[in-house]
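Overview (structure and organization)
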Amino acid sequence: MVASSTTTASYSFDRLTGLGNAAFAIDVLERWRDEGAQNDRAAPIHATLIGLGRFDTVNLAYGEAAGDGALAEVARRIRLLAEDELAHGDWIAARIGGGQFLLAAREACSRERWQWLSEALTDALSAPIALIGGVGAVRLWPRAAMIRMLSGERTEHVLDRLAATLGKANDKTGARVLWASEVYAPPGYRSAQLEADLIAALDRDEIEVVIQPQYDLAGCLLVGGEALARWQHPTLGLIGASAMFAIAERAEHVAHLSRHIAQRALALAARWGSDLRLSLNVTPDDLSNSGFVREFLAMVADSGFPAERLTLEITEHVLLNNLEEAAQKLSQLRDTGMRIALDDFGSGFCNFGYLKLLPLDYLKLDKSMIEGVTDDPRDLAVLRAIVALADALGLKVVVEGVETEEQRALALAEGCLLFQGFLCSPALSATEFLRLVGKHAANR
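In this report, we go over the structure that sits alongside the text. (Residues numbered from 1 in each chain as written. Predicted model: local features only at pLDDT ≥ 70, side-chain atom pairs only at ≥ 80, totals over all residues. Heavy atoms only, no water.)

**What to know about the environment of A381**
- Topologically, A381 is positioned in helix 14 (residues 377-392).
- According to the relative accessible area criterion, A381 is partly exposed, its value standing at 44%.
- Taking the C-alpha atoms as reference points, A381 and G20, 361 residues apart in sequence, are found 22 Å from one another. (Helix = DSSP H or I, 4+ residues; strand = E, 2+ residues; numbered from the N terminus. Buried < 20%, exposed > 50% of the residue type's maximum accessible area, 1.4 Å probe, protein only.)

If you want it as structure tokens, here you go:
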């Protein structure tokens, strides 16, 4: 499915990544430009062209299958950041060709924020990528060219300017992001300052925890919620969880941020006063900490939230430094009644090593697994194969990104158990979720 919050009459997909292709990007940008010409109050259009340096060496060293897997993971990371950071406006993501990707948005965004988003994106794409078949991991070297479209500017001209600027970025050492004005990006919001802001925000308890409701597929009954985090930065605006953790990683505060979110989420869930479950994300930094199990169990006990109503989620695409050690720690937590879920399954090349070694209870399907399933027989066949795999392993299937009644009915018919998505609710503030809990309790 094309990663976009907009719709268009006809568009084309890139089969490898699921994003739009160049024709799709041009079509949407042209439409945005025309709509802007008719409305002088329309939000500005920003675009970033990303190029992956040294990508050819991945194919040469590991083969085309590994290269394809790396491109699929790049697309997943672009989509994840866009979903977190651009949720309040229109955006598109497309693979322009080879190792080049385009992210564009139509929203009230300052030049400073767009530069930060582009830098955050190159940071996300620079993180190691596990290769298919477990043959190792690679780092790519992304560069980005940014532009703010001028009123009435032709889309082909925009793409030409971006491509020319990206070429300059590739030729200049240290030029990671450039504006298409053909000068280096001006000093934006410095990384060191942003890291300091995050630490201060943690100390002042300014990181908000929101809850993504989860429902039973059969009766659409509320069964729990997944804790997510967001940060309203005074200068850059809303920053989502993925970018926030990237900032924390640079500042070596991932464990601090993860603990903060868990403590706040457990305190909120302790107020639900029902049998609802809470899902928390666990990071590789958590699992590499020798005292994690002891400290986490103490945190849960202090919160008063029952361990048996807690689900810990491990993202399929994270790199666990010591898989056997991680499995042992998760088994210790599972012995207390907690449940373990493998998150975002199917969004790239599947990590079957995690399925073999981790003590799992749930398989959470990435929303790309359900997006085209009602229209495409191949998508349906893939879903059926994954559900059959989960059933053979004794795992329950949770579906993310359910947006239509047709998707819900099909997922139910295929044997999935739970879902989350806009069909029933977006992520809610703590107060809104409490209101939802009361509403569902009254309807039972």
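That shown, we press on.
**A word on the pairing of strand 16 (residues 396-400)**
- When you tally the buried positions in strand 16, you get four out of five residues, the bulk of the element.
- Of the pairings in the sheet, the one linking strand 15 (residues 362-365) to strand 16 comprises four bridges and is parallel in character. Along strand 16, the bridge assignment pairs Y362 with K396.
- Inspection of the sheet shows strand 16 paired to strand 17 (residues 418-420) by three bridges, in the parallel sense. Counterpart to E400 in the pairing with strand 17 is Q420.
- For the crossover that starts at strand 16, traverses helix 15 (residues 405-413) and ends in the parallel strand 17, the hand is right-handed. (Pairing = 2+ DSSP bridges. Right-handed = clockwise from strand over helix to strand, strands pointing away.)

**Quick look at the state of the cysteines**
- What the rule picks out here adds up to zero disulfides.
- No disulfide involves C220; its nearest neighbouring cysteine sulfur is the one of C424, lying 4.4 Å away.
- According to the relative accessible area criterion, C220 is partly exposed, its value standing at 23%.
- Left unpaired, C416 is separated from the closest cysteine sulfur, that of C220, by 14 Å.
- Judged by its relative accessible area of 5%, C416 falls in the buried class. (Disulfide = S-S within 2.5 Å.)

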